[in-house]
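Structural overview for review
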Amino acid sequence: MHKGSRRSSAFGSSLEFSDFRAYQPGDDVRQIDWNVFGRTQKHYIKRFLDEQELSVAVYLDMSSSMRALPGKWEQARKLAASLSFVVLASEDRLNFVPVGNQGAHPIRRKGAVHRKRVFREIAGLEDTERSGEFYEQLGKVMVRNQQLAIIISDGLEPIEKVEATLRKLRSARQEVWFIQLLGKEELQPMYDGDLKFVDSEMETAVNVSLNPTLIDNYRRRLAHHNEQLEAICESLGSRYMLISAETDIQMILFHDFPRHGLMN
């Protein structure tokens, strides 16, 4: 029976030959290779690579902070849609979960036949309402019995909340990829002078007089925050990757992901 198209490290009953192993009592005698027996006068059985189905959950942060910058939000949708396309094209099981927006619904599909339609659905998600607290909501909608959980978020909430969510996923025996996506304005702010900053989630405002010293302090704090995220992921055995919204999606998928060991 066909269980999936992903090559597993386990041995099973696919048609792709792996190697030979000496026959042991209890092995299926039908697997004995009689040609090898004729040459060696010893019983060996054939082993084949197993084909296993992988269950993947893709969690897309749809909080207001992710949607405040148009380029960042567009890149987040493209990335989520592309990863979902890859999952389905591999005949694996997809659970796409948009977190932080009541108007968007989860997508559960399996099979390559659904890949194009699911790609269009995710890439076309709209930002319709204000929302926040991504990690608190993620803990409530987490899908169980998944082998891999992919989180696409800016990771700008308090470190304690991010860590608690990652620990919960790891306790469910799920491999975790944490993809932190930040906009150009967040990575390299170019603002100057007197400005009013409005929190996209809380709608609170603060007046700030920006100068080079203040911007340098911001960059140092952001770098420290990101280093903490990476350290937490490493301590929990999760994968961490920082992406700029300015990076071409094909560069991310075909260069950055393989470089981090996430995709072959």
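The model shown is predicted, which means the values in this text are computed figures rather than measured ones.

Attention now moves to unusual backbone geometry. One non-glycine residue with positive phi stands out, namely Asn145, at about 60°. Here Asn145 shows up in the loop between helix H5 (134-141) and strand E6 (148-153). Here Arg173, not a glycine, exhibits a phi torsion of approximately 60°, which is positive. By relative accessible area, which is 77% here, Arg173 ends up exposed.

To continue, consider helix H9 (residues 249-259). What H9 keeps buried is the set Ile249, Ile252, Leu253, Asp256 and Phe257. Down the axis, H9 shows its buried residues gathered within 125° of arc, on one side only. Summarising the geometry of H9, the exposed residues directed more than 90 degrees from the buried face are Gln250, Phe254 and Arg259. In the core, the buried residues of H9 are packed alongside helix H3 (70-89), strand E7 (175-182) and strand E10 (239-244). The N-cap of H9, judged by a side-chain oxygen 3.0 Å from the amide nitrogen of Gln250 a few residues on, is Asp248.

If you walk across this open sheet you meet the 6 strands as E5-E4-E3-E6-E7-E10, and the pairing is mixed. Unpaired on one side and paired on the other, strand E5 (107-110) and E10 mark the two borders of the sheet. On average, adjacent strands in this sheet sit at an angle of 15° to one another, irrespective of strand direction. Both E6 and E7 contribute to a ladder of 6 bridges, which runs parallel. Within E7, the residue paired with Ser153 across the bridge is Gln180. The strands touched by H9 are E7 and E10; relative to E10, the strand with the most contacts, the crossing angle is about 140°.

Within a pair of aromatic rings, the relevant descriptors are the distance that separates the centres and the angle that separates the planes. One pass over the full model with this rule turns up 5 aromatic pairs. Aromatic pair Trp177 and Phe257: ring centres 6.4 Å apart, planes at 65°, arrangement edge-to-face. You can see Trp177 sitting in strand E7 and its partner Phe257 sitting in helix H9, a full 80 residues away along the chain. Both residues of the pair, Trp177 and Phe257, belong to the buried class.

Counting residues in hydrophobic clusters, the biggest one holds 36 residues, and the most contacted among them are Leu60, Leu79, Leu83, Phe96, Ile150, Ile152 and Phe257. In terms of residue count, H3 provides more of this core than any other element does, 8 residues in total. Not counting residues up to four positions away in its chain, the partners in contact with Ile150 are Val56, Ala57, Val58, Tyr59, Leu83, Trp177 and Ile179. Core analysis: the second largest hydrophobic core is formed by 22 residues, Phe178, Ile232, Leu236 and Tyr240 among them.

About the thresholds
Residues numbered from 1 in each chain as written. Predicted model: local features only at pLDDT ≥ 70, side-chain atom pairs only at ≥ 80, totals over all residues. Heavy atoms only, no water. Helix = DSSP H or I, 4+ residues; strand = E, 2+ residues; numbered from the N terminus. Buried < 20%, exposed > 50% of the residue type's maximum accessible area, 1.4 Å probe, protein only. Arc of directions from axis to C-beta. Contact = heavy atoms within 4.5 Å. Polar contact = N/O pair within 3.5 Å; in protein donor to acceptor, adjacent residues only side chain to side chain. Pairing = 2+ DSSP bridges. Axes fitted to C-alpha atoms, helices over the stretch in contact; angles between N-to-C directions. Phe/Tyr/Trp six-rings, centres within 6.5 Å; stacked < 30°, edge-to-face > 60°. Core = buried A, V, L, I, M, F, W, Y, C linked by side-chain atoms within 4.5 Å.

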